[in-house]
Amino acid sequence: MVTRFVEALYPDWQQAFEGVRLLHRETTPYQELAVYETPGFGTLLALDGVVQTTTADEFVYHEMIVHPALVAHGAAKAVLVVGGGDGGCLREILKHPVERVVLAEIDERVVAVSKAFLPGLAAGAFDDPRVEVRIGDGLAFVAETQETFDVIVVDSTDPEGPGEALFTEKFYADCARILNPRGVVVTQSGVPFRQPRGLGLSYRRLASAFADVTFATCAVPTYVGGLMTLGWASQDPSLRRLGVESLRAVAEARGLATRYYTPEVHLAAFALPRYIQELLVP
Ligand code: SAM
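Quick notes on the rules
Residues numbered from 1 in each chain as written. Predicted model: local features only at pLDDT ≥ 70, side-chain atom pairs only at ≥ 80, totals over all residues. Heavy atoms only, no water. Pairing = 2+ DSSP bridges. Helix = DSSP H or I, 4+ residues; strand = E, 2+ residues; numbered from the N terminus. Axes fitted to C-alpha atoms, helices over the stretch in contact; angles between N-to-C directions. Near = heavy atom within 4 Å. Polar contact = N/O pair within 3.5 Å; in protein donor to acceptor, adjacent residues only side chain to side chain. Areas by Shrake-Rupley, 256 points an atom, 1.4 Å probe, with all protein chains shown as cover. Domains from an automatic or database assignment. Contact = heavy atoms within 4.5 Å. Buried area = accessible area lost by both parts, 1.4 Å probe. Salt bridge = Lys/Arg side-chain N within 4 Å of Asp/Glu carboxyl O. Expected span 1.5 Å × (residues − 1). Buried < 20%, exposed > 50% of the residue type's maximum accessible area, 1.4 Å probe, protein only. Arc of directions from axis to C-beta.

Looking now at the sheet that holds strand S3 (residues 21-27). Strand order in the open sheet formed by four strands is S3-S4-S5-S6, with antiparallel pairing between adjacent strands. Across the chains shown, the open sheet's two edge strands, defined by having one partner strand only, are S3 and strand S6 (50-54). The sheet shows a mean angle of 20° between the axes of neighbouring strands, taken without regard to direction. Bridge count for strand S5 (residues 42-47) against S6 is four bridges, and the pairing is antiparallel. Each bridged residue has a counterpart across the sheet, and for Leu47 the counterpart in S6 is Val50.

Another aspect to go through is the site of the ligand. Every one of the 25 residues lining the ligand counts as a neighbour, but Gln31, Glu105, Gly138, Pro162 and Tyr223 are closest to it. Contact distances for the ligand include 2.9 Å between an oxygen atom and a side-chain N or O atom of Gln31. One nitrogen or oxygen atom from the main chain of Gly163 is found 3.3 Å from a nitrogen atom belonging to the ligand. Calculation on the ligand without its partners gives an accessible area of 590 Å², and the protein chains cover 98% of this total.

Once that is clear, we can look at the domain arrangement of the protein chain. Many descriptions give the size of an interface as the accessible area lost when the pieces come together. By domain assignment, the protein chain separates into domain 1 (4-54) and domain 2 (58-277). Using C-alpha coordinates to define each centre, domain 1 is positioned 23 Å away from domain 2. Domain 1 puts 23 residues into the contact, and the matching count from domain 2 is 23 residues. Summed over both sides, the interface between domain 1 and domain 2 buries roughly 2100 Å², with carbon and sulfur atoms accounting for 63% of that surface. At the junction of domain 1 and domain 2, the tally comes to two salt bridges. Linking domain 1 with domain 2 are seven residue pairs in polar contact (both at pLDDT 80 or more). Those elements that place two or more of their residues in the side of domain 1 that touches domain 2 are S3, strand S4 (32-38), S5 and S6. Broken down by element, the side of domain 1 that touches domain 2 gets its largest block of residues, four residues, from S6.

Moving on: helix H7 (residues 196-207). Its 12 residues place the ends of H7 17 Å apart at the C-alpha level, agreeing with the 16 Å of an ideal helix rising 1.5 Å per residue. Within the span of H7, buried status applies to Leu199, Gly200, Ser202, Tyr203 and Leu206. An end-on view of H7 places all buried positions within 160° of arc, on one side of the element. Where H7 is buried, its residues contact helix H6 (169-177), strand S11 (179-188), strand S12 (212-218), strand S13 (228-234) and helix H10 (274-277).

The structure is reproduced here in structure tokens:
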């Protein structure tokens, strides 16, 4: 009987979850998928041995990869999620008055298993009539779609395996092509204290397609290594110049219910520590 899950993200440093119960494990056509019940972090979804999300701390990440863009935009109607098969981003996006959300997820097993074992993540979002799930490679979706979007959320795995394609200049160029004026792209950009090279690469590659590129940070306990970064890319720098009262007006008008995001946290998230600033070189 499995009672310990040791994350396989770094060869020299691991986080271990003791006293766990394995709820499900399978090899999908794309990755090794496992779900554990843990004593301290609720239910945990792992892909290729790497923590994707836990029901205990997912609110931090899913609120911060969604709300800064949707609050700053203020009028987003069409949103694209690339990856995000666990449904957490969908739940948060649907708190806004959007009209259509497309989720382009490569692995249908992540959707099915998340619905079965982590239903609170989507909290019914997959059944919302505004949501369309498109199973397939997100790289191909953004290259081929004729749709355009106001916000694109790239909730991908790290740049290894199927996720690697979602960190390329080609992918970002196609995101720029299908992004409406005043649109924003937000990307899962890893933990720079342990993945500094990835952040620098993301910065340069995003900058090849967008005029305004930076990162926001948040603290997700099970994304080990310090601050987690979220890439922000837009053609419109004014979206990052909104004051706290403007942000609060949008959030309050929508009755935005959150546990991490606040208008103050929104602004503070873009204040980068120097060790992260120093990675943002052209
Ligand atoms: N929050 C997590 C993180 O920060 O690492 C990500 C969670 S979400 C489960 C990641 C999703 O990206 C997975 O479901 C995976 O199947 C999906 N994914 C990876 N590569 C993809 C691709 N090329 N196109 C679409 N989805 C992809």
